[in-house]
Amino acid sequence: MNNFYITTPIYYVNDIPHIGHAYTTIACDILSRFHKLCGAKVYFLTGTDEHGQKVEKAAIDASIDTNIFVSQMSDNFKKLIPFLGCEIDDFIRTTEPRHKQSSQQFWLKLKNNNQIYLSNYEGWYSVRDEAYYSDKELIKKNNEFFAPTGSPVEWVKEESYFFKLSEWGDKLLAYYTKNPDSILPKTRYNEVVSFIKSGLKDLSISRTTFKWGVEVPDNSKHVMYVWIDALCNYLTAIKYPDKSNKLFKDFWPATHIVGKDILRFHAVYWPAFLMAADIEPPKKIFAHGWWTNEGQKISKSLGNTIDPYDIINTYGLDQIRYFLFREVPFGNDGDFSKNAIANRVNADLSNNYGNLVQRISTFAKKNCDSQVKNTTNFNKEDNILIDLLKNSFQNYLNFLNDQKIDQSLKVIMNLLSETNAYIDSQAPWNLKKTNIERMNTVLFLSLNIIVKASIMLLPIIPNSANKVLDILNISLKNRNFHNIEQLIDANLNINNPVPIFPRIEK
């Protein structure tokens, strides 16, 4: 299994964290945990983007010194990580000395490779998006111009350094033709290829109208454009410019999980920067969709932003982790509604998974003196379920390797549904009166399925899956994918069952 370097985008500190930040971070945590279970060495990075005009303005509006403001806001994002049940390896801030050094060295590498030149920039700029837009991209409303995102734009004219992006169109297309799975979902790949084919212009990569940023080496009048500074965080964390160090050698190139709104920066500008600096492009860029709230676009102006703390305290951490990644295909837009949460959690976690665990473990504890004996005495119905386990795990692996998290969860829930149906048809409560040996076989196979399904659920709902594995007395060293397709070759001991997923009342 290859090493796996996974990153969230670093989050802007101009506001407090919302459900979108939680969604991206949990997605990375799921994939990080999955790869660890597969036996890979994993490096999981997140952090905060603390430079740029937008951040400087937010500090001014809050009447707080900018350094104090970004530290306080960054802390909000750092504190959220354990609350989300996420386990990271590094948290990076772009105001750290290590990042200033790394990004300036990256700039010098581009300059030494003749990829940067000084000229004048004139065009439309959005402070909110930290992005430049061409005339054809603008939307006109009431004699004012707006970016495609709806943010206002202003005409900017200033001296600027430029990156020779126009030289990298053919090289990017060649790379993506050779590596068609490096941008997912496929619709996003097509968007990026179409954008590159439309023609790339040289990119302004410095600003002189504000000072809150990383100084351009050898010209302190300029600060780096926030996107070249911000994107470098993925290299800073693995000790660039020292490409001979173990972190860099072990983990680059990275897998980036980003929102679809910043795909262009990650899939056009970033790989071009990297190739121009003699560094391999990212291994994969996955762009996910946006969430609406009860059918409405989430925005501060509508007052319908979703606080991750509130929603998790109301419904439960694993319940929200599960809902976010089962409700919609990862990559699509989704709607966040209280009814949808209740329906999904009750149907899948309470009725299907939780009820199966509760009734089988309780029955086994009561009728088998807490121990179900190991057996290989299987009939045709048993072997059908055993084959389903093997096929389910292979499908689960394939789906999660392709970031199809919702599909992997469907596989697990189908396996649990079939196990529930198997229990109903075999009726161990009747077998205890007529055939104790057969009753033991049915319980042994059912408990095996519960164990295997719980291990597959560890990346998504780690706390709850571990509680189930505790009930079934599975040691920590056996909570991985080793021999997961094989039935356990030992007696199964049952601890006191406890309810895992209380139903959500609508």
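Residues numbered from 1 in each chain as written. Predicted model: local features only at pLDDT ≥ 70, side-chain atom pairs only at ≥ 80, totals over all residues. Heavy atoms only, no water.

## What about the layout of surface pockets?
In step 1: What the second largest pocket holds in volume is close to 580 Å³.
In step 2: As for the second largest pocket, its lining consists of 26 residues, and the residues nearest its centre are Tyr132, Tyr133, Ser134, Glu137 and Lys201.
In step 3: With four residues, the top contributor of residues to the lining of the second largest pocket is strand 5 (residues 116-126).
In step 4: By residue class, the composition of the lining of the second largest pocket is 14 nonpolar, five polar and seven charged. (1 Å grid on protein atoms, 1.4 Å probe; cavity = no way out; pocket = protein on both sides within 12 Å on 5 of 7 lines; lining within 4 Å. Points joined across faces, edges and corners; volume = space filled by probe spheres on them. Helix = DSSP H or I, 4+ residues; strand = E, 2+ residues; numbered from the N terminus. Nonpolar A, V, L, I, M, F, W, Y, C, P; charged D, E, K, R; others polar.)

## A closer look at the state of the cysteines
In step 1: Throughout the structure, instances matching the rule amount to zero disulfides.
In step 2: Residue Cys28 stays outside any disulfide, its sulfur separated by 8.5 Å from that of Cys86, the closest cysteine. (Disulfide = S-S within 2.5 Å.)

## Some details on the pairing of strand 15 (residues 255-259)
Regular strands show a simple pattern: their side chains alternate between the two faces of the sheet.
In step 1: A large share of strand 15 lies buried, amounting to five of its five residues.
In step 2: In this sheet, strand 15 lies alongside strand 1 (residues 4-7) in parallel orientation, the contact comprising two bridges. Residue Thr7 lies in a different strand from strand 15, and its bridge partner there is His256.
In step 3: Summarising the sheet, strand 15 and strand 16 (residues 284-288) pair through five bridges and their orientation is parallel. Of the residues in strand 16, the one forming a bridge with Ile257 is Phe286. (Buried < 20%, exposed > 50% of the residue type's maximum accessible area, 1.4 Å probe, protein only. Pairing = 2+ DSSP bridges.)

## With respect to helix 6 (residues 186-197)
In step 1: Its 12 residues give helix 6 an end-to-end C-alpha distance of 16 Å, which sits within 8% of 16 Å, the value for a rise of 1.5 Å per residue.
In step 2: Of all the residues in helix 6, the buried ones are Arg188, Tyr189, Val192, Val193 and Ile196. What you see down the axis of helix 6 is that its buried residues fit within an arc of 135°, all on one side. For helix 6, exposure combined with an orientation more than 90 degrees from the buried face picks out Thr187 and Lys197.
In step 3: Against helix 5 (169-178), strand 10 (183-184), helix 10 (263-276) and strand 16 lie the buried residues of helix 6.
In step 4: Backbone geometry just after helix 6 places Gly199 at a positive phi near 110°. (Expected span 1.5 Å × (residues − 1). Arc of directions from axis to C-beta. Contact = heavy atoms within 4.5 Å.)

## Describing the packing of helix 6 against helix 10
Two numbers describe a pair of packed helices, the interaxial angle and the distance between the axes.
In step 1: It is at 11 Å that the axes of helix 6 and helix 10 come closest, and there the two elements cross at 55°. Considering their axes alone, helix 6 and helix 10 lie oblique with respect to each other. Seen along the crossing, helix 6 lies across helix 10 with a hand that is right-handed. Within the contact between the two elements, helix 6 uses Arg188, Glu191, Val192, Phe195 and Ile196 and helix 10 uses Leu263, Arg264, Ala267 and Val268.
In step 2: Residues that form the contact of helix 6 with helix 10 fall into these classes: six nonpolar, no polar and three charged. (Axes fitted to C-alpha atoms, helices over the stretch in contact; angles between N-to-C directions. Parallel < 35°, antiparallel > 145°, perpendicular 65-115°, else oblique. Left-handed = near helix turned anticlockwise from the far one by under 90°.)

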